[in-house]
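Examination of the molecular architecture
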Amino acid sequence: GTFQHPSCTLPHLPVSMAAISTSAASFVQTKVSNASQTRAAKRCPRSIVRASIAEPEGYIQMEAHEALDFKQNIPIRSRRNRKNAALRQMFCETEVTPANFILPLFIHEEDHLHPIGAMPGCSRLPWKKELVDEVGKGLDYGINNVILFPAVPDAEKTPYGDECYNPDGLVPRAIKAIKDKYPDVNIYTDVALDPYNSDGHDGIVNPNTGEILNDPTVYQLCKQAVMQADAGADVVAPSDMQDGRVSAIRAALDQAGHYNVGIMAYTAKYASAFYGPFREALESNPRFGDKKTYQMDPGNWREAIRECLQDETEGADILMVKPAMPYLDIIRHLHDNSKLPVAAYQVSGEYAMIKAAAEKGWLDEKKCALEALTSIKRAGANVILTYYAIQAAEWLAGEGKTIKH
């Protein structure tokens, strides 16, 4: 940049600003070339060329009070578009509303709320009443989309997860309970075996080798997706990360006449450490090993593009990235490489971190939560799955249901 002293005419001078001090030696140092320094001293008597060898050669000084009126020759000043709230609102590039949210809901067979310790404000909900009430609360704030996650009793878990396609199971009953009262709510359903699998994995485990068997798992997932669609699900969401499951599920849905039931594919689901509280909520931790043979390596981004193109080709309607904030670059890659809507899941660990820091008084919960949601939308997500959905919508209610900065 260049400076022009208010009391004299200076040529465009290269600048180096030192901190303005209120001490007796307060001054602003403006670096000039040796030739410019001589001309400046002649034109501006108040400018004193410092001769001290402790100062770098080629500096002039002025009093601190003079610096308040100091002006640079800066033709482009971006701050002009940020100088008041009306302009900031006009030029806002990213706005998040409750219409962008999918509300994740944990359900169980019990007749009481079961608070989730690692996720303050979240509970397993009885499906008959409290679940429906929570859906209604979301609707009051403009949240028209929910996704269901069942906590299945251990007695119903088996190595093949056959309970996942039981037409009288917990999920289909919950879908019908919601649709009976709120028929226009969009219900998303999780398609995966881990809530039903006695081994705690997203797929069927080979008992001899411990391998997660891809193709037999996909066969089960197809039956699960069709059952959910039969019960009234609007969108099925395979979270299993098995190869070929999107095309197989699309074919199974179409064959069953569910042409209008969408598929939200967990396209880039990473083998993340941020899922811990969720697995506590559903008691679905794997009994052995980990999920790295089917979930993605956190260090990979090109692989996410490959999964994106594959899911789009196989018939997905929405592509998802999970988790969200640690993978904002992946959200952007999917956004830039596909014309499909992109969803991002602000997972339990992301939610728990903000909650825990807020409880300690280390962060402003509202500001941080809304900033996090804004960053996810800015990265390219059209849809955000977040446990903050209702709370964020409440915060936004007084702001036109839009995050404004």
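Preceding this paragraph is the structure being described.
Here's a quick rundown of the structure. Because the structure is a prediction, the values reported are computed rather than measured.

**Description of helix α7 (residues 245–255)**
Residues Arg245, Val246, Ile249, Arg250, Ala252 and Leu253 constitute the buried set of α7. Down the axis of α7, the buried set is contained in an arc of 165°. They therefore lie on one face. Where α7 is buried, its residues touch β11 (186–191), α6 (214–231), β14 (235–238), β15 (262–269) and α9 (302–314). Note on α7: the residue one or two positions beyond its end, Gly257, has a positive phi of about 90°.

**Some words on unusual backbone geometry**
It is generally the case that most residues other than glycine have a negative phi and that most peptide bonds are trans. Omega for the bond connecting Lys322 with Pro323 falls within 30 degrees of zero, at -5°, which places this linkage in the cis form. By secondary structure assignment, the location of Pro323 is in the loop between β16 (318–322) and α10 (328–337). Residues other than glycine seldom take positive phi values, yet Met241 does so here, at roughly 65°. Among the secondary structure elements, Met241 is positioned in the loop between β14 and α7.

**Notes on the pattern of salt bridges**
A full pass over the atoms with the stated rule returns 14 salt bridges. Across the salt bridge formed by Lys179 and Asp234, the nearest N and O atoms sit 2.8 Å from each other. Of this pair, Lys179 sits in helix α5 (residues 170–181) while Asp234 sits in the loop between α6 and β14, placing them 55 residues apart in sequence. By relative accessible area, Lys179 is classed as buried at 19%. Where Asp202 meets Lys291, a salt bridge forms, and the shortest distance between an N and an O atom there is 2.6 Å. In this pair, Asp202 is assigned in the loop between β11 and β12 (204–205) and Lys291 in the loop between α8 (276–282) and α9, connecting sequence segments 89 residues apart. Taken individually, Asp202 and Lys291 each receive the classification buried, so the pair is uniform in this respect. One network of salt bridges, in which partners are shared, links Asp194, Asp202, Lys269 and Lys291.

**Points about the packing of aromatic side chains**
Going through the model one piece at a time under the given rule, you end up with eight aromatic pairs. Residues Tyr270 and Tyr327 carry aromatic rings whose centres are separated by 4.2 Å and whose planes lie at 20° to one another, so their mutual orientation is stacked. Taken together, the positions of Tyr270 in the loop between β15 and α8 and Tyr327 in the loop between β16 and α10 put the pair 57 residues apart, joining distant regions of the chain. A relative accessible area of 0% places Tyr270 in the buried class. On the accessibility criterion, Tyr327 (7% relative accessible area) is buried. Centre to centre, the rings of Tyr345 and Tyr387 are 6.0 Å apart; their planes meet at 45°, and the pair counts as tilted. Placement of the pair is Tyr345 in strand β17 (residues 342–346) and Tyr387 in the loop between β18 (383–386) and α13 (389–397), with a sequence separation of 42 residues. The exposure classification of Tyr345 matches that of Tyr387, with both residues buried. What links up through ring pairs into an aromatic cluster is the set Phe106, Phe149, Tyr345, Tyr351, Tyr387, Tyr388 and Trp395.

**Observations concerning the packing of α10 against helix α12 (residues 365–379)**
As a packed pair, α10 and α12 sit with axes 8 Å apart at the nearest point and diverge in direction by 30°. What the angle tells us is that α10 and α12 run roughly parallel. Here α10 contributes Leu328, Ile331 and Arg332 to the contact with α12, which in turn contributes Ser375, Ile376, Arg378 and Ala379. Classifying every residue of the contact of α10 with α12 by side-chain character gives four nonpolar, one polar and two charged.

**Some thoughts on the side chain of Gln228**
If you trace the backbone, Gln228 turns up in helix α6. Look past the residues within four positions of Gln228 in its chain and what remains in contact with it is Val171, Ile175, Thr189, Asp190, Val191, Ala233 and Val236.

**Let's talk about the pairing of β15**
Among the eight residues that make up β15, eight are buried, leaving the element largely enclosed by the rest of the structure. Both β14 and β15 contribute to a ladder of two bridges, which runs parallel. Bridging across to β15, Val236 finds its partner in Ile263. Between the parallel elements β14 and β15, the chain passes through α7 in a crossover that is right-handed. Alignment of β15 against β16, held across five bridges, turns out to be parallel. Residue pairing across strands places Lys269 opposite Lys322, the latter belonging to β16.

**Regarding the pairing of β11**
The buried fraction of β11 amounts to five of the six residues, a majority that puts the element mostly inside the structure. As paired strands, strand β10 (residues 145–150) and β11 are joined by four bridges and run parallel to one another. Within β11, the residue paired with Val146 across the bridge is Ile187. The pairing of β11 with β14 spans four bridges and is parallel.

About the cut-offs
Residues numbered from 1 in each chain as written. Predicted model: local features only at pLDDT ≥ 70, side-chain atom pairs only at ≥ 80, totals over all residues. Heavy atoms only, no water. Buried < 20%, exposed > 50% of the residue type's maximum accessible area, 1.4 Å probe, protein only. Helix = DSSP H or I, 4+ residues; strand = E, 2+ residues; numbered from the N terminus. Arc of directions from axis to C-beta. Contact = heavy atoms within 4.5 Å. Salt bridge = Lys/Arg side-chain N within 4 Å of Asp/Glu carboxyl O. Phe/Tyr/Trp six-rings, centres within 6.5 Å; stacked < 30°, edge-to-face > 60°. Axes fitted to C-alpha atoms, helices over the stretch in contact; angles between N-to-C directions. Parallel < 35°, antiparallel > 145°, perpendicular 65-115°, else oblique. Nonpolar A, V, L, I, M, F, W, Y, C, P; charged D, E, K, R; others polar. Pairing = 2+ DSSP bridges. Right-handed = clockwise from strand over helix to strand, strands pointing away.

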